[in-house]
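Spelled out, the chains give:
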Amino acid sequence: MKIVRVQDIMGTEREVTGPGWTSRRMLLKKDGMGFSFHETIIPAGAELNLWYKHHLEAVYCVAGNGTITDKATGETHDISDGTLYALDKHDQHTLRGGTEDMRLICAFNPPVTGREVHDEDGAYLPDTSED
Ligand code: 9YT
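Just so you know, these numbers come straight off a predicted model, no measurement behind them.

Further remarks concern the pairing of strand 1 (residues 15-18). As paired strands, strand 1 and strand 2 (residues 21-27) are joined by 4 bridges and run antiparallel to one another. From the neighbouring strand, E15 faces strand 2, where its bridge partner is R24. What sits between strand 1 and strand 2 in their antiparallel hairpin is a turn of 2 residues, with G20 showing a positive phi close to 85°.

See the structure below:
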């Protein structure tokens, strides 16, 4: 059994920041669960264009607010405490922070391996490492 406390991850290599996001990667590929598990903070007013071409992702909001726009349909959905979105089609999307910082709990399949940051398309590269 593993016990992971977010306060022990802050300031370590498992806390990764990019423009408009900070993420605490609580479980990575090397933790052997078959998915990675993250707490991600999207600051109020941030805007991110994301496209996880090589991963599926589920995201559950537990605090704050914002929106997600599905670029394929142009639809925008409100996000607040209790909302989950699942990118089951590798959906291209725009995530926007609202009036309060959003706190999101995210799971990736396949798992993120470590220090990934988004490329110019908003993707993470595929994992080519050996198991
Ligand atoms: C909201 C979202 O897409 N989070 C993804 C995880 C986070 N950006 C990370 O750990 O890289």
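So, next bit.
What follows concerns the sheet that holds strand 7 (residues 76-80). Sheet strands associate in pairs through backbone hydrogen bonding, adopting either a parallel or an antiparallel arrangement. Pairing is antiparallel in the open sheet, where 4 strands are placed in the order 4-9-6-7. Each end of this open sheet is capped by a strand with a single partner; those strands are strand 4 (47-50) and strand 7. Taking each pair of neighbouring strands and ignoring which way they run, the sheet shows an average axis angle of 20°. In the sheet, strand 4 pairs with strand 9 (residues 93-97) via 4 bridges, with the strands oriented antiparallel. Looking across to strand 9, one finds that L50 is bridged to H93.

This part takes up the nonpolar core. Grouped together as the largest cluster of nonpolar side chains are 21 residues, with contacts concentrated most on I42, L48, I79, Y85, L95, M102 and L104. Secondary structure elements with two or more residues in this core: strand 4, strand 5 (56-63), strand 8 (84-87) and strand 10 (102-109). It is strand 10 that provides the largest number of residues to this core, a total of 4 residues. Beyond its immediate sequence surroundings of up to four residues, Y85 is in contact with E57, A58, V59, I68, I79, L95 and L104.

So, about the site of the ligand. Near the ligand, the surroundings consist of 14 residues, among which S23, R25, H38, E57 and Y124 are the closest. The fraction of the free accessible surface of the ligand (320 Å²) that becomes covered by protein chains is 99%. Taken together, the residues of the shell around the ligand sort by class into 9 nonpolar, 3 polar and 2 charged.

With that settled, the discussion passes to the packing of aromatic side chains. Under the defined criterion, the tally for this structure stands at 1 aromatic pair. The residue whose ring lies beneath K53 is W51, and the NZ or CZ to ring-centre distance is 4.5 Å.

With that settled, consider the environment of M102. Among the structural elements, M102 can be located in strand 10. M102 sits in the buried class, given a relative accessible area of 0%. Along the sequence, M102 and T67 sit 35 residues apart, while their C-alpha atoms lie 9.9 Å from each other. Setting aside chain neighbours within four positions, we find M102 in contact with T40, I41, I42, C61, A63, G64, N65, G66, I79, L95, R96 and G97.

As a further point, take the sheet that holds strand 3 (residues 36-42). If you walk across this open sheet you meet the 6 strands as 1-2-3-10-5-8, and the pairing is antiparallel. Looking at which strands have only one partner, the edges of the open sheet turn out to be strand 1 and strand 8. Going from strand to strand, the sheet's axes swing by 20° on average, the running direction of each strand aside. Examined bridge by bridge, strand 2 and strand 3 share 5 bridges and lie antiparallel to one another. Looking at the pairing, R25 lines up with H38 of strand 3.

About the criteria used
- Residues numbered from 1 in each chain as written.
- Predicted model: local features only at pLDDT ≥ 70, side-chain atom pairs only at ≥ 80, totals over all residues.
- Heavy atoms only, no water.
- Pairing = 2+ DSSP bridges.
- Helix = DSSP H or I, 4+ residues; strand = E, 2+ residues; numbered from the N terminus.
- Axes fitted to C-alpha atoms, helices over the stretch in contact; angles between N-to-C directions.
- Core = buried A, V, L, I, M, F, W, Y, C linked by side-chain atoms within 4.5 Å.
- Buried < 20%, exposed > 50% of the residue type's maximum accessible area, 1.4 Å probe, protein only.
- Contact = heavy atoms within 4.5 Å.
- Near = heavy atom within 4 Å.
- Areas by Shrake-Rupley, 256 points an atom, 1.4 Å probe, with all protein chains shown as cover.
- Nonpolar A, V, L, I, M, F, W, Y, C, P; charged D, E, K, R; others polar.
- Phe/Tyr/Trp six-rings, centres within 6.5 Å; stacked < 30°, edge-to-face > 60°.
- Lys NZ or Arg CZ within 6 Å of the ring centre and 35° of its normal.

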